[in-house]
Amino acid sequence: MSDVMREPMGEAPTDATLTDDAFLGGRLHLLQPQRGHRAGHDALLLAASAPEAGRAVDLGAGVGAAGLAYAARVPAAALTMVEIDPALADLAARNAARQMPDLADRVRVVCADVARLGRPSGPDMPAAGAADLVLMNPPFNDPARHRASPHAGRALAHAIADADVDVWLRAAERLLAPGGRLALIHRPEAIEALLAGLKGRYGAITIRPVHPAPDAPANRLLIGAIKGRRTPPTLLPALVLTGSDGRPSAAAEQVLRAGGAIGPE
């Protein structure tokens, strides 16, 4: 299932322009471009925050970090990774194929635009209303607050206006089955736009702040939601990545090195 389903693609990076990086304590190895957007902690935090599901879709998959980390943790999951950049979609397929054989057999990569996936007449793959879970790590940096990267690939991966996250939420809503779950990671500055986009589509919203250190403001939010629910939101206990001694917290080690899940509470 790891072949890329795509439109005609442009020039892909050569192996000489790639790095081979280890994640999850060496259990996951990812090829990724030396320059541009590179996978990091955000993808692993997103994967760890997502509940177990049978059919999962990773929107904005990049080279596959979040989706493959999730699939490695949830052996029963069938995963579709969606990426707009054909070269990155190819790398996501390569990364799936070079993991354990059973992982490649249950992973599909689709090269598609998230905006098109949100339309009623959107592409047939991933199928509308078929996913139990959608993970998404949408571009973070609102151009009104952050200077866009001069690297085109990095800018595409990082920069959209906060209000445009609604495009991603609409796509997730179309792809999810009734009662399906959404898991996403974003910056706290976008909370107003996120809640506005979730309203009326999702309920049982959970919000978990992520702090880089005990005395530092949160710099990420892990958000979960259920399609079609009307249950009020819940603010969960914060996740702190480093202790006062500057060393990774036990919770961070469990997620970023051991590949464990972030508990519901």
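All residue numbers here refer to positions counted from 1 along the written sequence of the relevant chain. Only residues with pLDDT of 70 or above have their local features reported here, since the model is predicted, and side-chain atom pairs are shown and tallied only from 80 upward, although totals for entire chains, interfaces and linings are computed over all residues. Derived side-chain values reflect all non-hydrogen atoms in the structure, with water molecules and hydrogen atoms excluded from consideration.

Asks: Hey, could you run me through the environment of leucine 59 in this one?
Replies: Counting from the N terminus, the helices are DSSP H or I runs at least four residues long and the strands are E runs at least two residues long. As for its position among the elements, leucine 59 is in strand E4 (residues 55-59). Through-space distance from the C-alpha of leucine 59 to that of aspartate 113 is 9.3 Å; in sequence the pair is 54 residues apart. Setting aside chain neighbours within four positions, we find leucine 59 in contact with Val82, Val114, Leu117, Val134, Leu135, Met136, Asn137, Trp168, Ala171, Ala172 and Leu175. The contact criterion used throughout is that any non-hydrogen atoms of two residues lie within 4.5 Å.

Asks: So what exactly am I meant to see when it comes to unusual backbone geometry here?
Replies: One can expect most non-glycine residues to show negative phi and most peptide bonds to be in trans. A cis amide bond, omega 0°, links methionine 125 with the succeeding residue proline 126. Of note in the backbone geometry, leucine 24 takes a positive phi value of approximately 55° without being a glycine. Checked against the element boundaries, leucine 24 lands in the loop between strand E2 (18-23) and strand E3 (28-33).

Asks: Honestly, helix H2 (residues 65-73) in this entry has me stumped. Any pointers?
Replies: Given 3.6 residues per helical turn, the α-helix brings residues three or four places apart onto the same face. The element H2 is extensively covered by neighbouring structure, given that 8 of its 9 residues are classed as buried. Every buried residue of H2 is listed here: Ala65, Ala66, Gly67, Leu68, Ala69, Tyr70, Ala71 and Arg73. When accessible area is computed with a 1.4 Å probe and restricted to protein chains, residues below 20% of their type maximum are described as buried, those above 50% as exposed, and intermediate ones as partly exposed.

Asks: Just checking my understanding: could you explain the pairing of strand E6 (residues 107-111) for this structure?
Replies: Along any regular strand the residues' side chains alternate between the sheet's two faces. Buried residues dominate E6, accounting for 4 of its 5 residues. Bridge count for strand E5 (residues 78-83) against E6 is 5 bridges, and the pairing is parallel. Residue pairing in the sheet places valine 82 in a bridge with valine 110 of E6. In this analysis, strands are considered paired if DSSP registers two or more bridges between them.

Asks: For this particular structure, what's the right way to read the packing of helix H1 (residues 41-49) against H2?
Replies: Axis angle and axis distance: for two packed helices, these are the angle between their axes and the distance between the axes, and together they describe the pair. Put simply, H1 and H2 touch, their axes get as near as 8 Å, and they point 40° apart. One element, H1, and the other, H2, form an angle in the oblique class. H2 is crossed by H1, and the crossing has right-handed handedness. Residue-level contacts link Ala43, Leu44, Leu46, Ala47 and Ala48 of H1 to Ala65, Ala66, Ala69, Tyr70 and Arg73 of H2. Note on residue categories: nonpolar means Ala, Val, Leu, Ile, Met, Phe, Trp, Tyr, Cys or Pro, charged means Asp, Glu, Lys or Arg, and polar means any other residue, Gly included. Among the residues making up the contact of H1 with H2, the classes are represented as 9 nonpolar, no polar and 1 charged. Lines are fitted to the C-alpha atoms to define the axes, a helix being fitted only along its stretch in contact, and any angle between axes, read from their N-to-C directions, falls within 0 to 180 degrees. Here the word oblique covers every angle except those under 35 degrees (roughly parallel), over 145 (roughly antiparallel) and from 65 to 115 (roughly perpendicular). A crossing counts as left-handed when the near helix is turned anticlockwise from the far one by less than a right angle, and as right-handed when that turn is clockwise.

Asks: Which parts of the structure should I look at to understand the nonpolar core?
Replies: Across soluble globular proteins, you tend to see nonpolar side chains buried next to one another. What we call a nonpolar core is a set of buried Ala, Val, Leu, Ile, Met, Phe, Trp, Tyr and Cys residues that are connected through their side-chain atoms within 4.5 Å. Grouped together as the largest cluster of nonpolar side chains are 50 residues, with contacts concentrated most on Leu45, Leu68, Tyr70, Met81 and Leu133. Setting aside residues no more than four positions away along its own chain, leucine 45 makes contact with Ile185, Val210, Leu222, Leu239, Leu241, Val255, Leu256 and Ile262. Core analysis: the second largest hydrophobic core is formed by 28 residues, Leu176, Leu184, Leu198 and Ile207 among them.

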